[in-house]
Amino acid sequence: MDRVLVTGAAGGIGTRLRTLLKGIYPDTRWSDLKTPADLAPDERFIQADLAAMNEVEKAVDGVQGIVHLGGFSVEGPWDTILNANIIGCYNLFEAARKAGVERIVFASSNHAVGFYPRQRRIGTDDAVRPDSRYGASKAFGEALAALYAYKHGLRVTCLRIGNFGDAPVDKRRLSIWLAPQDLVQLIRIGLEHPDLRHEIFYGASDNARAFWDNSAAFRYGYRPQGRAEDHAAAALAADAKLPPDRIGEWYQGGPYCSDEFDGGIERAPV
Ligand SMILES: NC(=O)c1ccc[n+]([C@@H]2O[C@H](COP(=O)([O-])OP(=O)(O)OC[C@H]3O[C@@H](n4cnc5c(N)ncnc54)[C@H](O)[C@@H]3O)[C@@H](O)[C@H]2O)c1
């Protein structure tokens, strides 16, 4: 794997990856709607709107692998989600197929399954339960991943990212935290593992309070290094200062579940 495209280069994760992936893939190009403010002279950047097929075709031309981070990364109005995450994701997969791209790592989200109760441990065979228009768009991306893997022969990995950051910052994030170096490990499995055809992994570190069974990732050699419990005292102290959210605290998706929720906690399936 030499020639790699990373979309979403100007975003929070893309910005960190521009340092963390340096030197791993000899010919890495970066793309986004907007030029990263801190773009280094040796970084190759292509501006592309994911919603414009002709721009996406130019961005993917000649690459072997894609890390697809670009898109609208929180809940938003339908038109925004539709353009960036539904049309944008379709354009990315379809342009990749036409260009003969071999592998895609798709940044999915825990919000594709946010409406599972926290007390239920889920794997990657449980049906999606999106908690937002955003989460539904990630479920759509996961469906495209399966289509392009099984019908068109791409090798595709969906990473249901929990919360990316240097440390988990509250109680929920003790369960879903993803350390930067662990994301790099998962991306490398997706771009390099010889046996991989189509997989869904949880983008989560070594979290003792995990909501998820990540054995699919472990089977491919994933060995997370970030230990959420090392940050438990600070995270729980910060959590104690948050306003109560009975619906959000019940479900894995947290505030994405209570936002726009019709009804009260009596509707949560106890
Ligand atoms: N950060 C997390 O903890 C987390 C958790 C779950 C999933 N994810 C997913 O990982 C990816 C990266 O997350 P992030 O935190 O860096 O998000 P971010 O919002 O910081 O970055 C997303 C980038 O996508 C670009 N983008 C948006 N619409 C676009 C379009 N139409 N065309 C081209 N580029 C467009 C934005 O300009 C932005 O730079 C996202 O897909 C997000 O949904 C992130």
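Procedures and definitions
Residues numbered from 1 in each chain as written. Predicted model: local features only at pLDDT ≥ 70, side-chain atom pairs only at ≥ 80, totals over all residues. Heavy atoms only, no water. Phe/Tyr/Trp six-rings, centres within 6.5 Å; stacked < 30°, edge-to-face > 60°. Helix = DSSP H or I, 4+ residues; strand = E, 2+ residues; numbered from the N terminus. Buried < 20%, exposed > 50% of the residue type's maximum accessible area, 1.4 Å probe, protein only. Lys NZ or Arg CZ within 6 Å of the ring centre and 35° of its normal. Near = heavy atom within 4 Å. Polar contact = N/O pair within 3.5 Å; in protein donor to acceptor, adjacent residues only side chain to side chain. Areas by Shrake-Rupley, 256 points an atom, 1.4 Å probe, with all protein chains shown as cover. Nonpolar A, V, L, I, M, F, W, Y, C, P; charged D, E, K, R; others polar. Salt bridge = Lys/Arg side-chain N within 4 Å of Asp/Glu carboxyl O.

S.K.: Can you help me understand the packing of aromatic side chains in this one?
M.R.: Remark: the centre distance and the inter-plane angle together describe each pair of aromatic rings, the angle taken between the planes. For the structure shown, the criterion picks out nine aromatic pairs. Centroid distance Phe115 to Tyr251: 4.7 Å. Interplanar angle 85 degrees. Geometry classified as edge-to-face. Of this pair, Phe115 sits in the loop between strand 5 (103-109) and helix 4 (133-150) while Tyr251 sits in the loop between helix 9 (246-250) and helix 10 (255-258), and the two are 136 residues apart along the sequence. Owing to a relative accessible area of 21%, Phe115 belongs among the partly exposed residues under this scheme. On the basis of relative accessibility, which here comes to 4%, the residue Tyr251 falls in the buried class. The cationic tip of Arg267 hangs over the ring face of Phe261; the distance from NZ or CZ to the ring centre is 4.7 Å.

S.K.: What is the right way to look at the site of the ligand in this model?
M.R.: In the neighbourhood of the ligand, 25 residues make up the surrounding shell, with Ile13, Asp32, Leu69, Ser73 and Tyr134 lying closest. For the ligand, an oxygen atom lies 3.1 Å from a polar atom in the backbone of Gly11. In this structure, Leu69 approaches the ligand through a main-chain N or O atom, which is 2.8 Å from an oxygen atom. When the free accessible area of the ligand is taken as 830 Å², the share hidden by the protein chains comes to 85%. No other element matches strand 5, which puts three residues into the shell around the ligand. Residues of the shell around the ligand, tallied by class, amount to eleven nonpolar, ten polar and four charged.

S.K.: Mind showing me how you'd approach the pattern of salt bridges here?
M.R.: Once their charged atoms are close, side chains differing in charge can pair, the charge on each being opposite to the other. Taken as a whole and assessed by the stated rule, the structure comprises 16 salt bridges. Across the pair Arg160 and Glu142 runs a salt bridge whose closest N-O atoms are separated by 2.8 Å. Linking Arg160 in strand 6 (residues 155-161) with Glu142 in helix 4, this pair joins segments that are 18 residues apart in sequence. With relative accessibility at 1%, the residue Arg160 sits in the buried group. Owing to a relative accessible area of 5%, Glu142 belongs among the buried residues under this scheme. Among the charged side chains, a network of salt bridges with common partners joins Arg18, Lys22, Asp38, Asp42 and Glu43.

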